[in-house]
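Per-entry structural report
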Amino acid sequence: MKKTATRLADGRELFYYDARDDAVRDAPDLRPLQRGEPVSEIRHDRLLGDDVVIASHRQSRTYHPPPGQCPLCPSRGGRLTEIPAADYEVVVFENRFPSLTGGHGRCEVVCFTDDHDASFAGLDPGRAALVLAAWTDRTAELTALPGVEQVFCFENRGPEIGVTLGHPHGQIYAYPFVTPRTGRMLASVAAHRTRTHGRNLFDDLVADERADGRRIVLESAHWTAFVPYAARWPYEVHLHPRRRVPDLPALDDAARTDFPQVYLELLRRFDRIFGPGQPPTPYISAWHQAPAHHPLRSEFALHLELFTIRRTAGKLKYLAGSESSMKVFINDVPPETAASRLREAAST
(Lines give C-alpha, C1' and ligand atoms only; values in the text may rest on other atoms or scores of the structure.)
Protein backbone atom coordinates (compact mmCIF):
# COMPACT_ATOMS: atom_id res chain seq x y z
CA MET A 1 0.00 0.00 0.00
CA LYS A 2 1.18 3.54 -0.79
CA LYS A 3 -0.11 6.50 1.21
CA THR A 4 0.20 10.01 -0.23
CA ALA A 5 -0.54 12.99 1.99
CA THR A 6 -1.53 16.41 0.65
CA ARG A 7 -3.66 19.39 1.59
CA LEU A 8 -6.77 20.90 0.06
CA ALA A 9 -6.98 24.58 -0.83
CA ASP A 10 -8.39 25.51 2.58
CA GLY A 11 -5.69 23.62 4.48
CA ARG A 12 -7.59 20.42 5.28
CA GLU A 13 -5.58 17.20 5.10
CA LEU A 14 -6.24 14.58 2.42
CA PHE A 15 -4.70 11.12 2.07
CA TYR A 16 -4.64 8.89 -1.02
CA TYR A 17 -4.34 5.14 -0.44
CA ASP A 18 -3.20 3.10 -3.44
CA ALA A 19 -2.53 -0.60 -3.86
CA ARG A 20 0.44 0.13 -6.17
CA ASP A 21 3.65 1.57 -4.79
CA ASP A 22 4.31 3.51 -7.99
CA ALA A 23 1.07 5.53 -7.88
CA VAL A 24 1.61 9.29 -8.31
CA ARG A 25 -0.83 11.70 -6.65
CA ASP A 26 0.27 15.29 -7.25
CA ALA A 27 -2.84 17.08 -8.56
CA PRO A 28 -3.33 20.37 -6.66
CA ASP A 29 -6.68 21.62 -5.36
CA LEU A 30 -7.45 24.58 -7.62
CA ARG A 31 -10.62 25.72 -5.88
CA PRO A 32 -10.66 29.24 -4.36
CA LEU A 33 -11.42 27.97 -0.86
CA GLN A 34 -10.62 29.69 2.39
CA ARG A 35 -10.20 27.94 5.70
CA GLY A 36 -13.52 27.98 7.51
CA GLU A 37 -13.87 28.25 11.25
CA PRO A 38 -16.70 25.88 12.13
CA VAL A 39 -17.14 25.56 15.87
CA SER A 40 -18.87 22.74 17.70
CA GLU A 41 -19.66 22.56 21.40
CA ILE A 42 -19.80 19.57 23.70
CA ARG A 43 -22.43 19.77 26.44
CA HIS A 44 -22.77 17.32 29.29
CA ASP A 45 -26.17 15.90 30.21
CA ARG A 46 -26.15 15.88 34.00
CA LEU A 47 -29.13 13.54 34.27
CA LEU A 48 -27.85 10.79 31.99
CA GLY A 49 -24.12 11.47 32.17
CA ASP A 50 -23.82 11.60 28.37
CA ASP A 51 -22.05 14.14 26.18
CA VAL A 52 -24.00 15.86 23.38
CA VAL A 53 -22.36 17.64 20.45
CA ILE A 54 -23.91 20.91 19.25
CA ALA A 55 -22.78 21.66 15.67
CA SER A 56 -25.04 24.29 14.09
CA HIS A 57 -22.72 24.89 11.11
CA ARG A 58 -23.70 21.47 9.73
CA GLN A 59 -27.08 22.88 8.72
CA SER A 60 -25.34 24.24 5.60
CA ARG A 61 -23.62 20.98 4.55
CA THR A 62 -24.14 19.57 1.06
CA TYR A 63 -27.56 17.93 0.83
CA HIS A 64 -28.52 15.58 -2.03
CA PRO A 65 -26.61 17.43 -4.78
CA PRO A 66 -28.00 17.17 -8.33
CA PRO A 67 -26.56 14.57 -10.73
CA GLY A 68 -23.05 15.44 -11.81
CA GLN A 69 -22.39 17.65 -8.75
CA CYS A 70 -21.20 15.04 -6.25
CA PRO A 71 -18.33 16.47 -4.16
CA LEU A 72 -16.86 12.99 -3.59
CA CYS A 73 -16.31 12.14 -7.24
CA PRO A 74 -12.85 12.84 -8.70
CA SER A 75 -12.11 16.18 -10.38
CA ARG A 76 -12.71 15.68 -14.10
CA GLY A 77 -13.75 17.66 -17.14
CA GLY A 78 -13.15 21.01 -15.51
CA ARG A 79 -15.35 20.26 -12.47
CA LEU A 80 -13.43 20.56 -9.22
CA THR A 81 -14.42 18.47 -6.19
CA GLU A 82 -13.10 17.55 -2.76
CA ILE A 83 -10.69 15.10 -4.44
CA PRO A 84 -8.26 16.92 -6.81
CA ALA A 85 -7.16 13.77 -8.67
CA ALA A 86 -8.87 12.63 -11.88
CA ASP A 87 -9.18 9.13 -10.44
CA TYR A 88 -8.48 7.42 -7.13
CA GLU A 89 -8.73 4.14 -5.25
CA VAL A 90 -9.35 5.06 -1.60
CA VAL A 91 -9.24 8.61 -0.22
CA VAL A 92 -9.56 10.00 3.30
CA PHE A 93 -9.90 13.72 4.01
CA GLU A 94 -10.96 16.08 6.78
CA ASN A 95 -14.69 16.73 6.65
CA ARG A 96 -15.58 20.20 5.40
CA PHE A 97 -18.60 20.21 7.74
CA PRO A 98 -17.29 18.36 10.80
CA SER A 99 -19.37 17.48 13.84
CA LEU A 100 -16.29 17.73 16.07
CA THR A 101 -14.13 20.85 15.78
CA GLY A 102 -11.96 23.35 17.60
CA GLY A 103 -9.86 20.89 19.56
CA HIS A 104 -12.92 18.76 20.36
CA GLY A 105 -11.88 15.83 18.18
CA ARG A 106 -11.80 15.37 14.42
CA CYS A 107 -14.06 14.10 11.62
CA GLU A 108 -12.88 12.53 8.37
CA VAL A 109 -14.56 11.22 5.21
CA VAL A 110 -13.51 7.90 3.64
CA CYS A 111 -14.26 7.40 -0.06
CA PHE A 112 -14.18 3.70 -0.94
CA THR A 113 -14.03 4.12 -4.73
CA ASP A 114 -14.17 6.82 -7.40
CA ASP A 115 -17.17 5.07 -9.00
CA HIS A 116 -20.22 7.09 -7.93
CA ASP A 117 -22.67 4.29 -8.74
CA ALA A 118 -20.80 1.52 -6.92
CA SER A 119 -21.33 0.17 -3.39
CA PHE A 120 -19.06 -1.43 -0.83
CA ALA A 121 -20.70 -4.78 -1.54
CA GLY A 122 -19.63 -4.45 -5.18
CA LEU A 123 -15.96 -3.88 -4.42
CA ASP A 124 -13.43 -6.62 -5.11
CA PRO A 125 -11.49 -8.14 -2.20
CA GLY A 126 -8.37 -6.14 -3.04
CA ARG A 127 -10.21 -2.83 -2.72
CA ALA A 128 -11.93 -3.95 0.50
CA ALA A 129 -8.48 -4.82 1.89
CA LEU A 130 -7.26 -1.34 0.94
CA VAL A 131 -10.19 0.23 2.80
CA LEU A 132 -9.31 -1.89 5.84
CA ALA A 133 -5.72 -0.63 5.58
CA ALA A 134 -6.97 2.97 5.45
CA TRP A 135 -9.23 2.45 8.49
CA THR A 136 -6.28 0.94 10.34
CA ASP A 137 -3.86 3.71 9.42
CA ARG A 138 -6.28 6.47 10.38
CA THR A 139 -7.15 4.73 13.66
CA ALA A 140 -3.48 4.61 14.61
CA GLU A 141 -2.80 8.24 13.67
CA LEU A 142 -5.97 9.69 15.21
CA THR A 143 -5.56 7.72 18.43
CA ALA A 144 -2.15 9.35 18.84
CA LEU A 145 -3.55 12.89 18.64
CA PRO A 146 -3.73 14.85 21.91
CA GLY A 147 -7.18 14.77 23.46
CA VAL A 148 -8.54 11.87 21.39
CA GLU A 149 -10.11 9.16 23.53
CA GLN A 150 -11.87 6.93 20.97
CA VAL A 151 -11.83 6.40 17.19
CA PHE A 152 -14.99 5.30 15.39
CA CYS A 153 -14.99 4.13 11.74
CA PHE A 154 -18.43 3.68 10.20
CA GLU A 155 -20.55 3.70 7.05
CA ASN A 156 -24.10 4.96 6.71
CA ARG A 157 -25.71 3.59 3.56
CA GLY A 158 -29.00 4.61 2.00
CA PRO A 159 -31.34 7.62 2.16
CA GLU A 160 -33.47 5.78 4.73
CA ILE A 161 -30.51 6.03 7.13
CA GLY A 162 -30.18 9.76 6.42
CA VAL A 163 -27.33 9.69 3.92
CA THR A 164 -27.17 12.97 1.97
CA LEU A 165 -24.40 11.97 -0.49
CA GLY A 166 -24.98 8.89 -2.61
CA HIS A 167 -21.31 8.26 -3.41
CA PRO A 168 -20.03 5.14 -1.57
CA HIS A 169 -18.26 6.52 1.47
CA GLY A 170 -17.96 6.31 5.22
CA GLN A 171 -16.69 8.47 8.04
CA ILE A 172 -14.26 8.41 10.94
CA TYR A 173 -14.91 10.27 14.19
CA ALA A 174 -12.14 10.86 16.72
CA TYR A 175 -14.00 11.62 19.93
CA PRO A 176 -12.53 13.57 22.85
CA PHE A 177 -14.48 11.33 25.23
CA VAL A 178 -15.48 7.69 25.62
CA THR A 179 -18.86 7.24 23.95
CA PRO A 180 -21.85 6.23 26.10
CA ARG A 181 -22.32 2.88 24.37
CA THR A 182 -18.67 1.94 24.80
CA GLY A 183 -18.79 3.05 28.42
CA ARG A 184 -21.71 0.72 29.09
CA MET A 185 -19.88 -2.18 27.43
CA LEU A 186 -16.81 -1.57 29.57
CA ALA A 187 -18.93 -1.45 32.73
CA SER A 188 -20.43 -4.82 31.78
CA VAL A 189 -16.94 -6.20 31.09
CA ALA A 190 -15.77 -5.09 34.55
CA ALA A 191 -18.83 -6.56 36.28
CA HIS A 192 -18.45 -9.87 34.42
CA ARG A 193 -14.76 -10.11 35.31
CA THR A 194 -15.60 -9.66 38.99
CA ARG A 195 -18.51 -12.05 38.90
CA THR A 196 -16.61 -14.83 37.08
CA HIS A 197 -13.24 -14.38 38.79
CA GLY A 198 -11.38 -12.95 35.83
CA ARG A 199 -13.16 -14.21 32.71
CA ASN A 200 -13.62 -11.91 29.72
CA LEU A 201 -17.20 -11.05 28.76
CA PHE A 202 -16.53 -10.78 25.02
CA ASP A 203 -14.75 -14.15 24.96
CA ASP A 204 -17.60 -15.82 26.80
CA LEU A 205 -20.25 -14.15 24.65
CA VAL A 206 -18.69 -15.29 21.35
CA ALA A 207 -18.01 -18.78 22.75
CA ASP A 208 -21.64 -19.09 23.85
CA GLU A 209 -22.92 -18.06 20.42
CA ARG A 210 -20.64 -20.57 18.70
CA ALA A 211 -21.72 -23.33 21.07
CA ASP A 212 -25.42 -22.56 20.55
CA GLY A 213 -25.07 -22.22 16.78
CA ARG A 214 -28.61 -21.06 16.01
CA ARG A 215 -27.63 -17.42 15.51
CA ILE A 216 -24.33 -18.00 13.67
CA VAL A 217 -24.49 -16.42 10.21
CA LEU A 218 -21.08 -17.45 8.90
CA GLU A 219 -17.65 -18.44 10.17
CA SER A 220 -14.19 -18.44 8.65
CA ALA A 221 -10.75 -19.38 9.92
CA HIS A 222 -10.35 -15.99 11.59
CA TRP A 223 -13.82 -14.39 11.94
CA THR A 224 -17.21 -15.25 13.44
CA ALA A 225 -20.44 -13.47 12.45
CA PHE A 226 -23.64 -13.92 14.44
CA VAL A 227 -26.95 -12.27 15.24
CA PRO A 228 -26.80 -11.35 18.94
CA TYR A 229 -29.16 -13.07 21.38
CA ALA A 230 -30.81 -9.76 22.31
CA ALA A 231 -30.64 -8.08 18.88
CA ARG A 232 -32.22 -4.62 18.82
CA TRP A 233 -32.57 -4.31 15.05
CA PRO A 234 -34.54 -6.55 12.65
CA TYR A 235 -31.36 -7.77 10.96
CA GLU A 236 -28.24 -7.17 13.04
CA VAL A 237 -24.91 -8.99 12.77
CA HIS A 238 -21.84 -8.75 14.99
CA LEU A 239 -18.53 -9.71 13.41
CA HIS A 240 -15.65 -10.66 15.73
CA PRO A 241 -12.11 -11.77 14.96
CA ARG A 242 -11.40 -15.18 16.47
CA ARG A 243 -8.44 -13.71 18.36
CA ARG A 244 -9.60 -10.88 20.61
CA VAL A 245 -7.82 -7.58 19.98
CA PRO A 246 -8.69 -4.05 21.18
CA ASP A 247 -8.62 -2.22 17.84
CA LEU A 248 -7.90 -2.40 14.11
CA PRO A 249 -4.13 -1.81 14.34
CA ALA A 250 -3.87 -4.90 16.58
CA LEU A 251 -5.31 -7.30 13.97
CA ASP A 252 -2.80 -9.87 12.73
CA ASP A 253 -2.03 -10.49 9.06
CA ALA A 254 -4.15 -13.63 8.88
CA ALA A 255 -7.28 -11.82 10.08
CA ARG A 256 -6.61 -8.94 7.68
CA THR A 257 -6.27 -11.32 4.75
CA ASP A 258 -9.47 -13.14 5.69
CA PHE A 259 -11.60 -10.04 6.34
CA PRO A 260 -12.51 -8.89 2.79
CA GLN A 261 -14.17 -12.15 1.76
CA VAL A 262 -16.14 -12.40 5.01
CA TYR A 263 -17.28 -8.78 5.08
CA LEU A 264 -18.21 -8.62 1.39
CA GLU A 265 -20.26 -11.79 1.79
CA LEU A 266 -22.15 -10.28 4.72
CA LEU A 267 -22.95 -7.11 2.78
CA ARG A 268 -24.14 -9.09 -0.23
CA ARG A 269 -26.41 -11.21 1.96
CA PHE A 270 -27.92 -8.03 3.39
CA ASP A 271 -28.82 -6.98 -0.16
CA ARG A 272 -30.54 -10.31 -0.79
CA ILE A 273 -32.56 -10.91 2.37
CA PHE A 274 -35.67 -9.06 1.18
CA GLY A 275 -35.89 -10.85 -2.14
CA PRO A 276 -35.20 -10.01 -5.79
CA GLY A 277 -36.24 -6.66 -7.17
CA GLN A 278 -35.89 -4.85 -3.86
CA PRO A 279 -33.83 -1.64 -3.60
CA PRO A 280 -30.41 -1.85 -1.91
CA THR A 281 -30.71 -2.55 1.80
CA PRO A 282 -30.01 0.52 3.96
CA TYR A 283 -27.57 -0.19 6.74
CA ILE A 284 -25.13 1.13 9.31
CA SER A 285 -21.77 -0.61 9.57
CA ALA A 286 -19.80 0.37 12.66
CA TRP A 287 -16.40 -0.63 14.05
CA HIS A 288 -16.34 -0.71 17.85
CA GLN A 289 -12.80 -0.13 19.10
CA ALA A 290 -11.31 0.19 22.57
CA PRO A 291 -10.80 3.69 23.97
CA ALA A 292 -7.23 4.94 23.78
CA HIS A 293 -6.53 5.35 27.49
CA HIS A 294 -9.17 3.39 29.41
CA PRO A 295 -7.84 1.05 32.14
CA LEU A 296 -9.87 -1.82 30.62
CA ARG A 297 -8.60 -1.18 27.09
CA SER A 298 -6.99 -4.63 26.83
CA GLU A 299 -10.27 -6.27 27.93
CA PHE A 300 -12.28 -4.70 25.10
CA ALA A 301 -12.90 -6.66 21.89
CA LEU A 302 -12.74 -5.06 18.48
CA HIS A 303 -15.89 -5.96 16.56
CA LEU A 304 -18.04 -4.71 13.73
CA GLU A 305 -21.79 -4.25 14.09
CA LEU A 306 -23.84 -4.28 10.88
CA PHE A 307 -27.58 -3.66 10.95
CA THR A 308 -30.48 -2.45 8.84
CA ILE A 309 -33.54 -0.45 9.81
CA ARG A 310 -35.60 -2.31 7.18
CA ARG A 311 -37.73 -4.96 8.89
CA THR A 312 -39.35 -6.40 5.77
CA ALA A 313 -39.78 -5.46 2.12
CA GLY A 314 -41.08 -1.90 1.96
CA LYS A 315 -41.24 -1.39 5.74
CA LEU A 316 -38.81 0.32 8.09
CA LYS A 317 -38.16 -0.08 11.80
CA TYR A 318 -38.83 3.28 13.44
CA LEU A 319 -37.48 4.28 16.82
CA ALA A 320 -40.78 5.36 18.31
CA GLY A 321 -41.84 5.99 21.90
CA SER A 322 -40.33 3.02 23.72
CA GLU A 323 -37.05 3.07 21.80
CA SER A 324 -36.50 6.83 21.57
CA SER A 325 -37.82 7.84 24.98
CA MET A 326 -36.99 4.87 27.18
CA LYS A 327 -34.24 3.11 25.17
CA VAL A 328 -36.24 -0.15 25.35
CA PHE A 329 -36.03 -1.74 21.91
CA ILE A 330 -38.86 -3.88 20.59
CA ASN A 331 -37.70 -6.15 17.76
CA ASP A 332 -40.25 -7.64 15.35
CA VAL A 333 -37.83 -10.26 13.97
CA PRO A 334 -36.61 -13.03 16.31
CA PRO A 335 -32.79 -13.20 16.16
CA GLU A 336 -32.89 -16.90 15.28
CA THR A 337 -35.16 -16.12 12.31
CA ALA A 338 -32.88 -13.31 11.17
CA ALA A 339 -29.84 -15.58 11.33
CA SER A 340 -31.64 -18.28 9.35
CA ARG A 341 -32.62 -15.79 6.65
CA LEU A 342 -29.06 -14.50 6.41
CA ARG A 343 -27.71 -18.05 6.09
CA GLU A 344 -30.21 -18.74 3.31
CA ALA A 345 -29.02 -15.62 1.47
CA ALA A 346 -25.50 -17.03 1.09
CA SER A 347 -23.74 -16.63 -2.24
CA THR A 348 -24.05 -19.69 -4.48
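Throughout what follows, the structure given in this document is the object of discussion. Everything numeric in this text was worked out from a predicted model, so none of it was measured. (Residues numbered from 1 in each chain as written. Predicted model: local features only at pLDDT ≥ 70, side-chain atom pairs only at ≥ 80, totals over all residues. Heavy atoms only, no water.)

The element strand S13 (residues 303–308) is largely enclosed, with a buried count of six among its six residues. Of the two faces of S13, the one lined by His303, Glu305 and Phe307 and the one lined by Leu304, Leu306 and Thr308 are each fully buried. In this structure, strand S11 (residues 235–241) lies alongside S13, joined through five bridges in antiparallel fashion. Along S13, the bridge assignment pairs Leu239 with Leu304. In terms of strand pairing, strand S12 (residues 283–288) meets S13 through five bridges, oriented antiparallel. Across the sheet, residue His288 finds its bridge partner in S13, namely His303. (Buried < 20%, exposed > 50% of the residue type's maximum accessible area, 1.4 Å probe, protein only. Helix = DSSP H or I, 4+ residues; strand = E, 2+ residues; numbered from the N terminus. Pairing = 2+ DSSP bridges.)

Counting 53 residues, the largest nonpolar core has Phe120, Trp135 and Trp287 as its most contacted members. Ranked by residue count, the leading element in this core is helix H4 (residues 253–270), at eight residues. Those residues in contact with Trp135 that sit more than four places away from it in its chain are Val110, Phe112, Phe120, Cys153, Ile172, Leu248, Phe259, Tyr263 and Trp287. Counting 14 residues, the second-largest nonpolar core is a separate cluster that includes Cys70, Leu72, Tyr88 and Leu165. (Core = buried A, V, L, I, M, F, W, Y, C linked by side-chain atoms within 4.5 Å. Contact = heavy atoms within 4.5 Å.)

All right, on to the side chain of Arg25 then. Structurally, Arg25 can be placed in the loop between strand S2 (13–18) and strand S3 (41–44). For Arg25, a relative accessible area of 17% puts it in the buried group. A polar side-chain atom of Arg25 sits 2.7 Å from a polar atom in the side chain of Asp18. Within the local environment of Arg25, its side chain forms a polar contact with the backbone oxygen of Asp87, the two atoms lying 2.6 Å apart. (Polar contact = N/O pair within 3.5 Å; in protein donor to acceptor, adjacent residues only side chain to side chain.)

All told, the structure shown has 18 aromatic pairs when counted by the stated rule. A ring pair is formed by Phe259 and Trp287, whose centres lie 5.5 Å apart and whose planes are at 40°; its orientation type is tilted. With Phe259 in helix H4 and Trp287 in strand S12, this pair connects stretches of sequence that are 28 residues apart. Taking the relative accessible area as the measure of exposure, Phe259 reaches 0% and is therefore buried. An aromatic cluster of at least three residues, connected via ring pairs, comprises Phe112, Phe120, Trp135, Trp223, Phe259, Tyr263 and Trp287. Above the plane of the ring of Phe15 lies Lys3, whose end atom (NZ or CZ) is 4.7 Å from the centre. Taking NZ or CZ as reference, Arg232 lies 5.7 Å from the ring centre of Phe329, over its face. (Phe/Tyr/Trp six-rings, centres within 6.5 Å; stacked < 30°, edge-to-face > 60°. Lys NZ or Arg CZ within 6 Å of the ring centre and 35° of its normal.)

Below, the discussion takes up the pattern of salt bridges. Pairing between side chains of opposite charge can happen when their charged atoms approach one another. Throughout the structure, instances matching the rule amount to 36 salt bridges. The salt bridge involving Asp22 is made with Arg20; its shortest N-O contact spans 2.6 Å. Residue classification places Arg20 among the exposed residues on the basis of a relative accessible area of 54%. Two residues, Arg106 and Glu94, come together in a salt bridge whose shortest N-O distance is 3.7 Å. Placement of the pair is Arg106 in strand S6 (residues 106–111) and Glu94 in strand S5 (residues 90–94), with a sequence separation of twelve residues. Given the relative accessible area of 13%, Glu94 is considered buried. (Salt bridge = Lys/Arg side-chain N within 4 Å of Asp/Glu carboxyl O.)

A rise of 1.5 Å per residue sets the reference length of helix H3 (residues 201–212), with its twelve residues, at 16 Å; its end C-alpha atoms lie 16 Å apart and thus fit the reference within 8%. Within the sequence span of H3, burial applies to Phe202, Asp204, Val206 and Glu209. By the N-cap criterion, in which a side-chain oxygen at the helix start approaches the backbone nitrogen of a residue two or three places on, H3 is capped by Asn200, the distance to Phe202 being 2.9 Å. Two residues or fewer past H3, Gly213 is found with a positive phi of approximately 85°. (Expected span 1.5 Å × (residues − 1).)

Fair warning: the whole summary comes from geometry, so function is off the table for now.
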